[in-house]
There are 2 protein chains.
Amino acid sequence: MSAKEASLHPLVACARGAETLRVWSVIVTIFGDAVAPRGGEISGPALAELTAPLGIGGGALRVALHRLVRDGWLERRREGRPSRYALSARGLAEFAPAAARIYAAGPAGEENLTLWLAEPGLAAPRRAELEREMAGRGAVALGPGLWLEQGANEAVSAELFGFHGAAGTPPGWLRARLAPEELIAAYRALGDDLEALGRRLERARPEGALAAALRVLVVHRWRRCLLRHPDLPVRFFPEDWPGEAVRAQFLALHRRLSVAADPWLDALIGPALQPLRLSK
Amino acid sequence: MSAKEASLHPLVACARGAETLRVWSVIVTIFGDAVAPRGGEISGPALAELTAPLGIGGGALRVALHRLVRDGWLERRREGRPSRYALSARGLAEFAPAAARIYAAGPAGEENLTLWLAEPGLAAPRRAELEREMAGRGAVALGPGLWLEQGANEAVSAELFGFHGAAGTPPGWLRARLAPEELIAAYRALGDDLEALGRRLERARPEGALAAALRVLVVHRWRRCLLRHPDLPVRFFPEDWPGEAVRAQFLALHRRLSVAADPWLDALIGPALQPLRLSK
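The following paragraphs examine the structure supplied in this document.

## Here's the deal with the overall build of chain A
Summing up its helical and strand segments, chain A has 11 helices and seven strands in all. Relative to the 2.2 N^0.38 estimate, which gives 19 Å for 280 residues, the radius of gyration of chain A is 20 Å and therefore close to what a compact globule would have. If one aligns the C-alpha atoms of chain A with their principal axes, the spans along those axes are about 55 × 45 × 40 Å. Relative to its 280 residues, chain A shows a buried fraction of 51%. Taking all contacts inside chain A whose residues are at least 6 apart in sequence as the whole, residues at least 24 apart take part in 78%. As presented, chain A carries roughly 13,100 Å² of accessible surface, and 54% of it is formed by carbon and sulfur atoms. Distance between charge centres in chain A, computed from 36 positive and 31 negative side chains, equals 6 Å.

Below, the structure written as structure tokens:
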């Protein structure tokens, strides 16, 4: 354990589990969970207050913010001092559907799916391009040149044949493909960590800054599992699918941590404007 | 030209074109076009009267009838003499949807399609089995382990993932795959032969037996093109798709030949019971 890790609060260490945190990705979570519902703008020092309990120092924070501004997720507002950061229009557009899913009480009920098909035997370089594009918009590759996607979106290319409708009984091979072993292992590890955190929170009552940091971690890890697979009814997943049990744990912890986190965040960033979350 | 071909009526030679007729397949057409609407049963000698103008002799007819009985399409009714032949329950079940399509005034308007998907990377022997089964029920193979089918039918196997719905804009490669060159060439040849036959019929007025034989040939050749591709709206086919122009020619000729053919067939087989056809 490094010096920095040794200084982490035991509750933070528990919520983080074995996961390696990418600072820019944690900041995306912070904007989604704490900043977007409070007007979408936060000062650099306020961000530093939120990230300090997670072991993220000022240097790492600056590098990550620079990257997020450069990639078009955030905008830096330079009027006066200190700098303020806001979600860009693109950042907001990408957040809304993810937020709706992250805080949803359950998986998709109705099916609203598109199966996309590239020409069989398409040249490998072009297929690889399409594979990158389709992965970028969250479609699941079912096979070479074949993707399953939520919703009825525009095609990334007129080369693709889109078929929009309802699926029959998903065969075993498809359920296994939608739930690869690494994903099931990630959900199981998250379930264990959330259970351990829940037990500790029966005794501990973290104050606002720590509660907010813990909530960021819990949302971050849930998001990182959830958005790796499409939002499908449970019949699409294997019998032993852990996703829904972990969702219940996540929602309960989010609710519990919000009691102390929300008033502290209201004071740090500003009062919540939009009811982006179920839990309040 | 063989002796038999030299004896064919010039109108029959024109309607047959360059197509090699398979006797059993022509008999299937006869049952669909002339026998099914008249109660579904016909005597051997009456069949021989209908097939003689087509150059089908008694020996070839007997071999074909034997095969159709053996394969379960027809039943031979042995009470008394001569033998009578009737469509089996299976034959009737396979006829009804084909007949609806053959005599339809246009292609499918609405889309009611299923895309079937086998596990990508399925072992070749099992995939070949599925390919045979899917081809047997008229599904179009779009690629390895991937079929497009009319309607929302049961899966041939729980291994297949079925996706039922509506298609987006069909890309060029898909339209080309649904209309292979051989099919377009067959439609073009049929269109040329029907046009030549139509011109001859402006002068000639064939009597009943010849009109019935000509109508059998016209239906037979139309059926052989039409049932090689699924019933899809025209947007699924290439710009230069000849199918709909040939449909108009077929329907006009069928109507014209029916004037003399139907009274003759009513006398030969029995009066028409079901309005199976548009043209009357």
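## Topic: the relation of the copies chain B and chain A
If you rotate chain B by 179 degrees and push it 0.1 Å along the axis, it lands on chain A with an RMSD of 0.1 Å. Put plainly, the chains are arranged around a two-fold axis. Taking C-alpha positions as reference, the residue of chain B nearest the rotation axis is B:Gly165, located at 2.0 Å. Taken as a fraction of all interface residues of chain B, those also at the interface in chain A reach 100%, which identifies the copy contact as same-surface.

## Observations regarding the sheet that holds strand S2 (residues 74-77) of chain A
Residue and element names in this part refer to chain A. The sheet built from three strands is open, its strands ordered S1-S3-S2 with antiparallel pairing. Strands at the two margins of the open sheet, each flanked by one partner only, are strand S1 (41-43) and S2. On average, adjacent strands in this sheet sit at an angle of 25 degrees to one another, irrespective of strand direction. Across four bridges, S2 lies against strand S3 (residues 84-87) in antiparallel orientation. Looking across to S3, one finds that Leu 74 is bridged to Leu 87. Against the sheet, helix H5 (residues 58-70) makes contact with S2 and S3, and its axis sits at roughly 110 degrees relative to S2, the strand it touches most.

## A short note on the pairing of strand S5 (residues 140-143) of chain B
Residue and element names in this part refer to chain B. Bridging between S5 and strand S6 (residues 146-150) involves three bridges; their strand directions are antiparallel. Residue pairing for S6: Ala 141 is matched across the bridge by Trp 147. Between S5 and S6, which pair antiparallel and follow one another directly, the connecting turn spans two residues, one of which, Gly 145, has a positive phi of 70 degrees.

## Brief notes about the interface of chain B and chain A
With 30 residues of chain B at the interface, the matching set in chain A holds 30 residues. Buried surface at the junction of chain B and chain A, summed over both partners, amounts to about 2,200 Å²; 74% is from carbon and sulfur atoms. For chain B, the biggest contributors to the area lost against chain A are B:Phe161, B:Phe163 and B:Trp173; these three give 34% of the whole. For the interface between chain B and chain A, the tally reads zero salt bridges.

## Observations regarding the nonpolar core
A:Phe31 and B:Phe31 are the most contacted members of the largest nonpolar core, which totals 160 residues. Excluding anything up to four places from it in sequence, B:Phe31 contacts B:Ala36, B:Pro37, B:Gly40, B:Ile42, B:Leu47, B:Leu74, B:Tyr85, B:Ala86, B:Leu87 and B:Phe95.

## As for the packing of aromatic side chains
Taken as a whole, this structure holds 15 aromatic pairs over all chains when the rule is applied. Between B:Tyr103 and B:Phe250, the aromatic rings sit 6.4 Å apart at their centres with planes inclined by 35 degrees, giving tilted as the arrangement. Highlighted residues: B:Tyr103 in the loop between helix H6 (89-102) and strand S4 (113-117) and B:Phe250 in helix H11 (residues 243-269), separated in sequence by 147 residues. Summarising the burial analysis for this pair, B:Tyr103 and B:Phe250 share the class buried. Through pairs of rings, three or more aromatic residues link up here, namely A:Tyr103, A:Tyr187, A:Trp222, A:Phe237, A:Trp241 and A:Phe250.

## Description of helix H7 (residues 124-136) of chain B
Helix length check: H7(B), at 13 residues, gives a terminal C-alpha distance of 18 Å against a target of 18 Å (1.5 Å per residue), a fit within 8%. Of the residues trailing H7(B), B:Gly138 is marked for its positive phi of about 85 degrees.

## Side note on the sheet that holds strand S3 (residues 84-87) of chain B
All names here are of chain B. The strand order S1-S3-S2 describes an open sheet built from three strands, whose pairing is antiparallel. Here the strands that pair on one side only, and so sit at the sheet edges, are strand S1 (41-43) and strand S2 (74-77). Across the sheet, the axes of successive neighbouring strands diverge by a mean angle of 25 degrees, strand direction being ignored. Sitting on the sheet, helix H4 (residues 44-51) touches S1 and S3, and the angle it makes with S1 is about 85 degrees. Relative to S2, helix H5 (residues 58-70) is tilted by about 110 degrees, and along the sheet it contacts S2 and S3.

## A word on the packing of helix H3 (residues 23-35) of chain A against helix H10 (residues 208-226) of chain A
All names here are of chain A. Their axes nearest at 9 Å, the elements H3 and H10 cross at an angle of 105 degrees. Considering their axes alone, H3 and H10 lie roughly perpendicular with respect to each other. Residues Ser 25, Val 26, Val 28, Thr 29, Ile 30 and Asp 33 of H3 form the contact with H10, whose own contacting residues are Arg 215, Val 216, Val 219, His 220, Arg 223 and Arg 224. Class assignment of the residues belonging to the contact of H3 with H10 gives a composition of five nonpolar, three polar and four charged.

## Topic: the pattern of salt bridges
Residues and elements named next belong to chain B. On inspection of all chains with the given rule, the structure shows 42 salt bridges over all chains. Put simply, Arg 221 and Glu 19 hold a salt bridge, and the shortest N to O gap is 3.7 Å. Placement of the pair is Arg 221 in helix H10 (residues 208-226) and Glu 19 in the loop between helix H2 (10-16) and helix H3 (23-35), with a sequence separation of 202 residues. Notably, a salt bridge pairs Asp 231 with Arg 101, separated by 4.0 Å at the nearest N-O pair. Placement of Asp 231 in the loop between H10 and H11 and of Arg 101 in helix H6 is noted, with a sequence separation of 130 residues between them. You'll find Asp 231 and Arg 101 in the same group, each marked buried.

Definitions and cut-offs
Residues numbered from 1 in each chain as written. Chains lettered and ligands numbered in written order. Predicted model: local features only at pLDDT ≥ 70, side-chain atom pairs only at ≥ 80, totals over all residues. Heavy atoms only, no water. Helix = DSSP H or I, 4+ residues; strand = E, 2+ residues; numbered from the N terminus. Rg over C-alpha atoms; globule rule 2.2 N^0.38 Å. Buried < 20%, exposed > 50% of the residue type's maximum accessible area, 1.4 Å probe, protein only. Contact = heavy atoms within 4.5 Å. Areas by Shrake-Rupley, 256 points an atom, 1.4 Å probe, with all protein chains shown as cover. Lys, Arg positive; Asp, Glu negative; His and termini not counted. Charge placed at Lys NZ, Arg CZ, Asp CG, Glu CD. Least-squares fit on C-alpha atoms with pLDDT ≥ 70 in both. Pairing = 2+ DSSP bridges. Axes fitted to C-alpha atoms, helices over the stretch in contact; angles between N-to-C directions. Buried area = accessible area lost by both parts, 1.4 Å probe. Salt bridge = Lys/Arg side-chain N within 4 Å of Asp/Glu carboxyl O. Core = buried A, V, L, I, M, F, W, Y, C linked by side-chain atoms within 4.5 Å. Phe/Tyr/Trp six-rings, centres within 6.5 Å; stacked < 30°, edge-to-face > 60°. Expected span 1.5 Å × (residues − 1). Parallel < 35°, antiparallel > 145°, perpendicular 65-115°, else oblique. Nonpolar A, V, L, I, M, F, W, Y, C, P; charged D, E, K, R; others polar.

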